[in-house]
Amino acid sequence: MAFDFGARRIGVAVGNELLGSASELAPLPCRDGIPDWAQVARLLDEWQPALLVVGLPLHMDGSESEMSLRARKFARRLHGRFGRPFEMFDERGSTREAKRIAREEGHAGDYRNHGVDGIAAELILSAFLARPA
C-alpha cells in the first residue's frame, strides 16, 4: 500500500507485487497532514498490506524539503500506530505526471478541490514495484 502525503489529502494506492500492478483508492482527507487514524486502520484491516510505501517529496536536486520531513513523520506514525514495516520512496515528478494523466482524462484543473492524490499514490507504488531488486 502506498501513500502520497499531503497537508489536505493523502493519496492511497494498493498493489500486487507478483503482478506488478497498482490501483488508486479514495484519498484520505486530513487536517494539516493528520488523517483520521480510524479510517487508516480500516484500510489496513481491509487490504492487509505487507509493506507501506510512503512517497518522499524531494527537490529536483535530491535535497529534502519541509514536506520531506512531514512525510517521514507520517511514515513513522504509521509504523508506530500499526506496527507495519514501511519504506520511503522518491516521488519526484509523480504529482506532475498525475496532473498530466488527469488532464488527459478530462480533469478541469481544479486540483485544490479535486486533487490527483490517488493517481500520484498509484504512480509511486507502480514505480516502487518496478524498481530493480
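Everything below is about the structure shown above.
Scoring rules and cut-offs
- Residues numbered from 1 in each chain as written.
- Predicted model: local features only at pLDDT ≥ 70, side-chain atom pairs only at ≥ 80, totals over all residues.
- Heavy atoms only, no water.
- Helix = DSSP H or I, 4+ residues; strand = E, 2+ residues; numbered from the N terminus.
- Expected span 1.5 Å × (residues − 1).
- Buried < 20%, exposed > 50% of the residue type's maximum accessible area, 1.4 Å probe, protein only.
- Arc of directions from axis to C-beta.
- Pairing = 2+ DSSP bridges.
- Contact = heavy atoms within 4.5 Å.
- Axes fitted to C-alpha atoms, helices over the stretch in contact; angles between N-to-C directions.

Asker: Which residues make up helix α2 (residues 66-82), and what values go with them?
Answerer: The end-to-end C-alpha distance of α2 is 25 Å, a good match for the 24 Å that 17 residues give at a rise of 1.5 Å each. Taken together, the buried positions of α2 are Ser 68, Ala 71, Phe 74, Ala 75 and Leu 78. Projected down its long axis, α2 shows its buried positions confined to an angular sector of 120°, all on one face. Projecting away from the buried face of α2 at angles above 90 degrees are the exposed residues Glu 66, Gly 80 and Arg 81.

Asker: Please provide a residue-by-residue account of the environment of Pro 27, values included.
Answerer: Along the chain, the position of Pro 27 falls in strand β3 (residues 21-31). Judged by relative accessible area, which is 33%, Pro 27 ranks as partly exposed. For the pair Pro 27 and His 59, spaced 32 residues apart in the sequence, the C-alpha separation amounts to 23 Å.

Asker: Run through the sheet that holds strand β6 (residues 86-90), naming residues and quoting values.
Answerer: Pairing within the open sheet is mixed, and its six strands lie in the order β4-β3-β2-β1-β5-β6. The open sheet has two free edges, formed respectively by β4 (34-35) and β6, since each of these has just one partner strand. In terms of strand pairing, strand β1 (residues 2-4) meets strand β5 (residues 52-56) through two bridges, oriented parallel. Residue Ala 2 lies in a different strand from β5, and its bridge partner there is Val 53. Along the sheet, helix α1 (residues 37-47) contacts β2 (9-16), β3, β4 and β5; its crossing angle with β3, the most-contacted strand, is approximately 160°.

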